Amino acid sequence: MDTGARTPLVEPVVDWRHRHLLDVDVLSEAEIMRILSTADAMAEVLQRNVARTPALRGVTIFNLFYEASTRTRSSFELAGKILGADVINVSGSGSSVEKGESLVETLNTISAVGADAVVMRHHASGAPWLAARTIDGHIVNAGDGQHAHPTQALLDAYVLIKEFGDLTGRKVVIVGDILHSRVARSNLWSLTTLGAEVTLVAPRPLLPAALSNGASEREHPLALPSVRVESDLDRAIVGADAVMALRIQNERLRGNLLPSSAEYARRYQLTSERIADASPEAIVMHPGPMNEGVEIAVDVAHSPQSRIEAQVSAGLAVRMAVLFLLIRGGA
Ligand code: CP
């Protein structure tokens, strides 16, 4: 019988310079690939009869989620448990946050209880950076406002590399609510670091101002990596190797002028007709949650080209890798 007791999984990354994973913009290509190769080792653990390893035994991880989540939260919880850690879930509702406790006080409290690592989702962009300055434990950003979602970008890279190998020159189209998408922002960094050619597609109200005005991203104070920006999906999708649809984030719209849902779907929905103009081997991605029939047609979401379930599965191995490398392999 497989006891699952086989550690270490990989050599610790003793020179890994990051105690926290706040975004992927600071990661080199080699560091991204190290995380993804560690995810491969974690995927092997998941294939065992007993998918458990004591790699993080004695470690306490807090999942601190101030925003709704299904995929990220459940996969981080399972990742910690498979690695042998104690995992404690704290959410905005049902915790002392409801009684007016501040983020800093909540962080100090869970630190005092003994958190070695905090996996954090928060509606405010930058909240994990505040956390990293507030307590000693490792901080993993599980999505902050409309800013960053590093583990989503890493799992997306994992799926793309499994599909295509080297991403150099691969054409990745990201279509949808770019303005409010932390997924798009983190993917910009990781995909361009890995050599992919990224095209962002959205109606102008859903593009960041610097991009919709046609300004050079490098001249902008928030300097995004170099990407192509399009408002015409039919033009952008031609020859694409991967197309990632994003939902419209109604919870963050704040009065931005949008086309009607019907008009949006007419111009930007990922349909089988549009996918037919992409590369014959093109894959379809979506970080979820999906609004089927709005940003993506139902048949496309569940087509053989769809890798949406593969993305969710990859999330577990990638998050195991991130927790393991931060906690056991960090400087
Ligand atoms: N992709 C993603 O972050 O999904 P959840 O909001 O369900 O975690």
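It should be noted that the structure appears before, not after, this text.
Residues numbered from 1 in each chain as written. Predicted model: local features only at pLDDT ≥ 70, side-chain atom pairs only at ≥ 80, totals over all residues. Heavy atoms only, no water.

**Focus: the pairing of strand E5 (residues 171-175)**
Along E5, four of the five residues are buried, which leaves the element largely enclosed by surrounding structure. Bridge count between E5 and strand E6 (residues 197-201): five bridges; the pairing is parallel. Each bridged residue has a counterpart across the sheet, and for Ile 174 the counterpart in E6 is Leu 200. (Buried < 20%, exposed > 50% of the residue type's maximum accessible area, 1.4 Å probe, protein only. Helix = DSSP H or I, 4+ residues; strand = E, 2+ residues; numbered from the N terminus. Pairing = 2+ DSSP bridges.)

**Structural notes on the pairing of strand E1 (residues 60-65)**
Across the six residues of E1, six count as buried, placing the element largely inside the fold. Side chains Thr 60, Phe 62 and Leu 64 project from E1 onto one buried face, and the interleaved Ile 61, Asn 63 and Phe 65 project onto a second face that is buried too. Of the strand pairs in this sheet, E1 and strand E2 (residues 86-91) are connected by six bridges, and their pairing is parallel. When the sheet's bridge partners are listed, Asn 63 is paired in E2 with Asn 89. Read as a crossover between parallel neighbours, the route from E1 over helix H2 (residues 71-82) to E2 is right-handed. Of the strand pairs in this sheet, E1 and strand E3 (residues 117-122) are connected by five bridges, and their pairing is parallel. For Asn 63, the partnering residue across the bridge sits in E3 and is Val 119. (Right-handed = clockwise from strand over helix to strand, strands pointing away.)

**Describing the packing of helix H1 (residues 29-47) against helix H5 (residues 150-164)**
Following both chains from N to C, one finds H1 and H5 inclined at 75°, their axes separated by 10 Å at the closest point. Between H1 and H5, the interaxial angle falls into the category roughly perpendicular. Contact residues: Ile 32, Met 33, Ile 35, Leu 36, Ala 39, Asp 40 and Ala 43 in H1; Leu 154, Ala 157, Tyr 158, Ile 161 and Lys 162 in H5. Broken down by class, the residue content of the contact of H1 with H5 amounts to ten nonpolar, no polar and two charged. (Axes fitted to C-alpha atoms, helices over the stretch in contact; angles between N-to-C directions. Parallel < 35°, antiparallel > 145°, perpendicular 65-115°, else oblique. Contact = heavy atoms within 4.5 Å. Nonpolar A, V, L, I, M, F, W, Y, C, P; charged D, E, K, R; others polar.)

**A closer look at the packing of H5 against helix H12 (residues 308-329)**
One can describe the packing of H5 onto H12 by two numbers: an axis separation of 8 Å at closest approach and a directional angle of 115°. Seen from above, H5 lies across H12 with right-handed handedness. The residues of H12 that touch H5, namely those facing Thr 151, Gln 152, Leu 154, Leu 155, Asp 156, Tyr 158 and Val 159, are Ala 310, Gln 311, Ala 314, Gly 315, Val 318, Arg 319 and Val 322. For the contact of H5 with H12, the per-class residue count stands at eight nonpolar, four polar and two charged. (Left-handed = near helix turned anticlockwise from the far one by under 90°.)

**Brief notes about the sheet that holds E1**
The parallel open sheet is built from four strands, whose spatial order is E2-E1-E3-E4. Pairing within the sheet leaves two strands with one partner each, and these edge strands are E2 and strand E4 (138-144). Averaged over all pairs of adjacent strands, the angle between their axes in this sheet comes to 15°, without regard to strand direction. On top of the sheet, helix H4 (residues 127-134) reaches E3 and E4; it is set at about 165° to E4, its chief contact.

**Re the nonpolar core**
Counting 88 residues, the largest nonpolar core has Ile 61, Leu 154, Leu 160, Ile 174, Leu 270 and Leu 323 as the members making the most contacts within it. It is H12 that contributes the most residues to this core, 13 residues altogether. Mapping this core onto the domain boundaries places at least three of its residues in each of domain 1 (29-149 + 313-329) and domain 2 (150-308). Setting aside residues up to four positions removed in sequence, Leu 323 forms contacts with Leu 56, Ile 61, Phe 76, Ala 79, Gly 80, Leu 83, Val 119, Val 140 and Arg 328. If you look at the next biggest cluster of nonpolar residues, it comprises 16 residues, including Leu 22, Leu 64, Val 118 and Ala 131. (Core = buried A, V, L, I, M, F, W, Y, C linked by side-chain atoms within 4.5 Å. Domains from an automatic or database assignment.)

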